[in-house]
Amino acid sequence: MYEKNGEKYFVVDSHMHFWNAAPDNWVPGAEQYAKGWIECFHAYMSLAPKETHWPIEKFMRYTEDDLMKDVFEDGYVDVAIFQPTYLKEWYKEGFNTTEQNANLGEKHPGMFVLNTRFDPRDGDAGLEELAANVDRYGSKGVKLYTAEWNAGSRGYKLTDPAAYTYLAKAQELGIKNIHVHKGPTIWPLDKDAFDVSDIDHAATDFPDLNFIVEHVGLPRIEDFCFMATQEPNVYAGLSVVIGGLMHARPRFFAKVMGELLFWVGEDKMTFGSDYGIWEPKWQVEGFVDWEFPDSEEFADYPRLGVEGKKKILGLNAAKLYDLKVPGELQLKEATPAAQDDSKLVAS
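These figures come from a predicted structure and were not determined experimentally.

Participant: Explain the packing of aromatic side chains to me, please; I cannot follow it from the model alone.
Facilitator: A ring pair, where both rings are aromatic, is described by two values, the distance of the centres and the angle of the planes. Under the criterion given, the structure shown has 33 aromatic pairs. When the ring of Tyr33 is compared with that of Trp149, the centres are 5.0 Å apart and the planes differ by 70 degrees; the resulting orientation is edge-to-face. Of this pair, Tyr33 sits in helix H1 (residues 31-45) while Trp149 is found in the loop between strand S7 (141-144) and helix H6 (161-172), placing the two residues 116 residues apart along the sequence. Taking the centre distance of 5.2 Å and the plane angle of 75 degrees together, the rings of Tyr62 and Tyr275 count as edge-to-face. Remark: Tyr275 occurs in the loop between strand S11 (269-270) and helix H11 (280-289) and Tyr62 occurs in the loop between helix H2 (56-60) and helix H3 (64-73); sequence separation between them is 213 residues. Judged on exposure class, the residue Tyr62 and its partner Tyr275 are both buried. Between the NZ or CZ atom of Lys268 and the centre of the ring of Tyr235, over which it lies, the distance is 5.5 Å. One cation-aromatic arrangement involves Lys310 over Tyr9; the distance from NZ or CZ to the ring centre is 5.7 Å.

Here it is, written out as C-alpha cells:
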C-alpha cells in the first residue's frame, strides 16, 4: 500500500516479469538474438531516473531477493501479475515462463497472480499445454506476444483462424483477460507485428473477453484510442507509458495520458511497472504526484484526480482479476473498470 497526503492506494502491478537472459540460457546458434534482445531491453532502462539503472549483468538475471525487495518492500505493490514471455527460439529454458513465475509465486502465496500464455502456431500441443497450465495454476489471464518468432514464422495476428481457436479455448477454460503486447518493438522483432488493428476484430467477436492492450499500441496512440473507445472490452495497459515516458519524455507523457483519458477513460486503464525494466517505486510515487503541465496545449484534456489515480494504480486491475481489496482502500462510490464505461464522444 502507498500512502500520500492521507490518501491510501491499493497497488496492483499488472505487468511484471521474472526472467533469465544470462548467457548460459542462450540457444546455441541464436546467441546474437538472445544478446541483442536483452541489450535492447536494458537500453529502455535508461529512460528511468539515473539512480535506478542496473548494470547489464544484473539485468540479465536478477534474483528473487531483488524482485521481492524492489516490487513489494520498496515498490508499494500489494499484488503483482506475472506476464510470461517465452522466446524459446533464443533462450533454452525460455526467457520468462509460466513455470518459472509459478515457482516464485508458490513460495509467496497471495502476492502474485499467475498468468500463462499461448501461441496459436503451436497447434494441438499448445492447446493441451494451455489447458494444463490453467488447471495447475488457476490462470485467469494470458500474455500474448504476436511478434514472437516461432519455427520460421515471425509473427501472427489475433484474426488468424488458429488464434480464434485458441481464444475460444481460453474462454472455455475460464480465461477472461487477454494481455497483448502492442507497443514498442524490441530487436530483432518486427515492428509491424505489434500493430493494434487485429485487436479491434477480435474484441468484437469475443465480447466476453477483456483485451488489455499492453503499452497502448505505442507509437500508434491515435489508432489505439480510436479503436478502444468503440470496443467496450478493450483496456489500456500503461506499462511503458509511465515507466518509459513519465520521467524521460514528460510532455509526450502528458499528451499520451491526455488522449487516453479523453477517449478511453480512467476506468479502463491499468498500471504496470514492466519490472525488471523499471522499478515500481519511482513510478508509483511520480504518478500519484503527476499533474498536467500548465499549458494551453493540454487544456482540453480531462483532469485526473485522486480517485482516478486509485483506479489506475490498482482498483481497475483488482476488478478484472476479482482481487479482494481491503475496505479502507476501496472508493466510497463508483465501480471501476466496467466494460460499458468506454468514453464515447457525444455528438
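Participant: When you look at the pattern of salt bridges in this model, what are you seeing that I'm missing?
Facilitator: Oppositely charged side chains are able to pair whenever their charged atoms sit close together. One pass over the structure, following the stated rule, counts 24 salt bridges. A salt bridge links Asp122 to Arg117; the nearest nitrogen and oxygen atoms lie 3.5 Å apart. For Asp122, a relative accessible area of 27% gives the class partly exposed. Taking relative accessible area as the criterion, Arg117 reaches 10% and is therefore assigned buried. Across the salt bridge formed by Glu297 and Arg251, the nearest N and O atoms sit 2.5 Å from each other. Placement of the pair is Glu297 in the loop between H11 and helix H12 (306-320) and Arg251 in helix H10 (residues 250-263), with a sequence separation of 46 residues. Put simply, Lys191, Asp192, Asp195 and Arg220 are held in one network by salt bridges that share partners.

Calculation criteria
Residues numbered from 1 in each chain as written. Predicted model: local features only at pLDDT ≥ 70, side-chain atom pairs only at ≥ 80, totals over all residues. Heavy atoms only, no water. Phe/Tyr/Trp six-rings, centres within 6.5 Å; stacked < 30°, edge-to-face > 60°. Helix = DSSP H or I, 4+ residues; strand = E, 2+ residues; numbered from the N terminus. Buried < 20%, exposed > 50% of the residue type's maximum accessible area, 1.4 Å probe, protein only. Lys NZ or Arg CZ within 6 Å of the ring centre and 35° of its normal. Salt bridge = Lys/Arg side-chain N within 4 Å of Asp/Glu carboxyl O.

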